[in-house]
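Fold and contact review
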Amino acid sequence: DLIITKELSRFSRNLQDTVNILNELRQINVDVWFLANGLRSCRTDDYQKICEHATRAQGESLMTSARVKWGQQQSMEMGVVFGRKEMFGYNIVKDDYGLQHFEIIEEEAEIIRKIFAWFAAGDGTHVIARRLEQMGIKTKRYKNGWTNTVILRLLRNDKYIGHLTQGKTCTPEPLNHKKKYNRDPNKMYTIQNHHMPIVDQETWDIVQQRLKEKEPSDEIKAKHSNRYWTSGKIYCGLCGGRYVSYQKKQKNV
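Presented here is a report on the structure given in the accompanying data block. Per chain, the residues get numbers from 1 upward, laid out in the order the sequence is written. In keeping with the model being predicted, local features are shown solely for residues with a pLDDT of at least 70 and side-chain atom pairs are shown and tallied solely at 80 or more, while totals for entire chains, interfaces and linings include all residues. Each side-chain value is worked out from all heavy atoms of the structure, with water and hydrogens disregarded.

Further remarks concern the environment of Ala109. We count a stretch as a helix when DSSP gives it H or I for four or more residues in a row; a strand needs E for two or more, and each element gets its number in order from the N terminus. Mapped onto the fold, Ala109 is located in helix α4 (residues 106–120). Residue burial is assigned from relative accessible area. The probe radius is 1.4 Å, only protein chains are included, and a residue is buried under 20% of its type maximum, exposed over 50%, and partly exposed in between. Residue classification places Ala109 among the buried residues on the basis of a relative accessible area of 0%. Taking the C-alpha atoms as reference points, Ala109 and Pro197, 88 residues apart in sequence, are found 9.6 Å from one another. We call two residues contacting when some pair of their heavy atoms lies within 4.5 Å. Among all residues touching Ala109, those that are not within four sequence positions of it are Gly89, Ile104 and Ile198.

Attention now moves to the pattern of salt bridges. What makes a salt bridge here is a side-chain nitrogen of Lys or Arg within 4 Å of a carboxyl oxygen of Asp or Glu, nothing more. For the structure shown, the criterion picks out five salt bridges. One salt bridge connects Arg113 with Glu110, and the closest N-O pair in it is separated by 3.2 Å. Here Glu110 and Arg113 lie together in helix α4, a separation of three residues that amounts to about one turn. Measuring nitrogen to oxygen at the nearest pair gives 3.0 Å for the salt bridge that ties Asp123 to Arg131.

Below, the discussion takes up the packing of aromatic side chains. Each Phe, Tyr or Trp ring (for Trp, its six-membered ring) is paired with any other whose centre lies within 6.5 Å, and the angle between the two planes then decides the class: stacked below 30 degrees, edge-to-face above 60, tilted in between. Overall, the coordinates contain six aromatic pairs when judged by the stated rule. Ring geometry for Phe116 versus Tyr160: centroids 6.3 Å apart, planes at 70 degrees, classification edge-to-face. Note that Phe116 is positioned in helix α4 and Tyr160 in the loop between α6 (148–156) and β6 (164–166), a separation of 44 residues in sequence. Like Tyr160, Phe116 is buried. Taken together, the ring pairs connect Tyr90, Phe102, Phe116, Tyr160 and Trp204 into an aromatic cluster. Positioned above the aromatic ring of Trp118, the side-chain terminus of Arg131 is 4.5 Å from the ring centre. For a lysine, the NZ atom is tested; for an arginine, the CZ atom; a charge sits over a ring if that atom is within 6 Å of the ring centre and within 35 degrees of the ring normal. The ring of Phe119 has Arg210 lying over it, and the distance from NZ or CZ to the ring centre is 4.4 Å.

Take the nonpolar core next. As used in this record, nonpolar core signifies buried Ala, Val, Leu, Ile, Met, Phe, Trp, Tyr and Cys residues forming a set joined through side-chain atoms within 4.5 Å. Ranked by size, the top nonpolar core spans 30 residues in total, and within it Ile115, Leu132, Trp146 and Tyr160 carry the most contacts. Contributions of two or more residues to this core are made by β4 (90–94), α4, α5 (125–134), α6 and α7 (201–214). Of the residues forming this core, the biggest block, seven residues, is contributed by α4. Leaving out residues up to four positions away in the same chain, Tyr160 has contacts with Met87, Phe88, Tyr90, Ile112, Phe116, Leu154, Pro197, Ile198 and Val199. Leu8, Val30, Phe34 and Cys51 belong to the second-largest nonpolar core, a separate cluster that totals eleven residues.

Before going further, it helps to examine the packing of α4 against α5. Helix axes use the C-alpha atoms of the stretch in contact, all axes being lines fitted to C-alpha atoms, and the angles between their N-to-C directions lie in the range 0 to 180 degrees. Running from N to C, α4 and α5 point in directions that differ by 145 degrees, and their axes come no closer than 10 Å. When you trace α4 past α5, the crossing you get is right-handed. Every residue of α5 that contacts α4 at Ile111, Ile115, Trp118 and Phe119 is listed here: Thr125, Ile128, Arg131 and Leu132. Left-handed describes a crossing whose near helix is turned anticlockwise from the far helix by less than a right angle; the clockwise case is right-handed.

Quick look at the packing of α4 against α6 now. Each pair of packed helices can be summarised by the angle the axes make with each other and by the distance between the axes. Their axes nearest at 11 Å, the elements α4 and α6 cross at an angle of 95 degrees. Comparing their axes, α6 and α4 come out roughly perpendicular. Seen from α4, the contacting residues are Ile112, Ile115, Phe116 and Phe119; seen from α6, they are Ile151, Leu154 and Leu155. Roughly parallel covers angles under 35 degrees, roughly antiparallel covers those over 145, roughly perpendicular covers 65 to 115, and oblique covers all other angles.

Attention now moves to the sheet that holds strand β2 (residues 31–34). Strands sit in the order β1-β2-β3 across an open sheet of three strands; the sheet is mixed. Strands with a single pairing partner mark the edges of an open sheet, and in this sheet they are β1 (2–5) and β3 (39–40). For two strands to count as paired, DSSP must find a minimum of two bridges between them. Of the pairings in the sheet, the one linking β1 to β2 comprises four bridges and is parallel in character. Bridge pairing in β2 places Ile4 opposite Trp33.

Right, here's the structure in full:
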């Protein structure tokens, strides 16, 4: 019957979301009471004031987002590491001054060197993943274990040659907080020779050349993405994710 909220900015900082949610609640006779603002959504006179407060809250949210983004950009240029800290081959530790450093885990680093050497010698990502599974080696982040996708991520990660590239993802629309892959290299921040490498430059170059040669052409990509008349046209109404075809054969059929 009643939702009690400290203030409107704690309820939502998106004007459109605020209006949509309040309208939905009013249709089922649920009142929202904003204590600090002294407003009730059930009162007709308060509704316009609620929209005004929501507009200001959204403006404050956008300003905060811009400040945070600017601060992150400055920190990235200084070499501060953002995102998940655990990665195979390295520990990220802080010194007495609070500065971050990459510390090589030699046992894991040896596995990384083998992965790069195997791929440079001609082994495929599926073969390497299967080999690591058979060796009983565990991953850190991936619950499904070693897969060809995990191997590809490792082979493309320039941290293993001592570089630090950040800004690979971005949030174009701060109000919905949806992240996307950043396709603009000018908006990424790369610091070369940032830390001790695990893989030598020569092996890295060979691997990157092989990856480039094995990458499908634009024609093949377009053919695959337009395989069916519905390809790329159906999206989830809740999360916005793209629908893809998936087939699984049941064992009991």
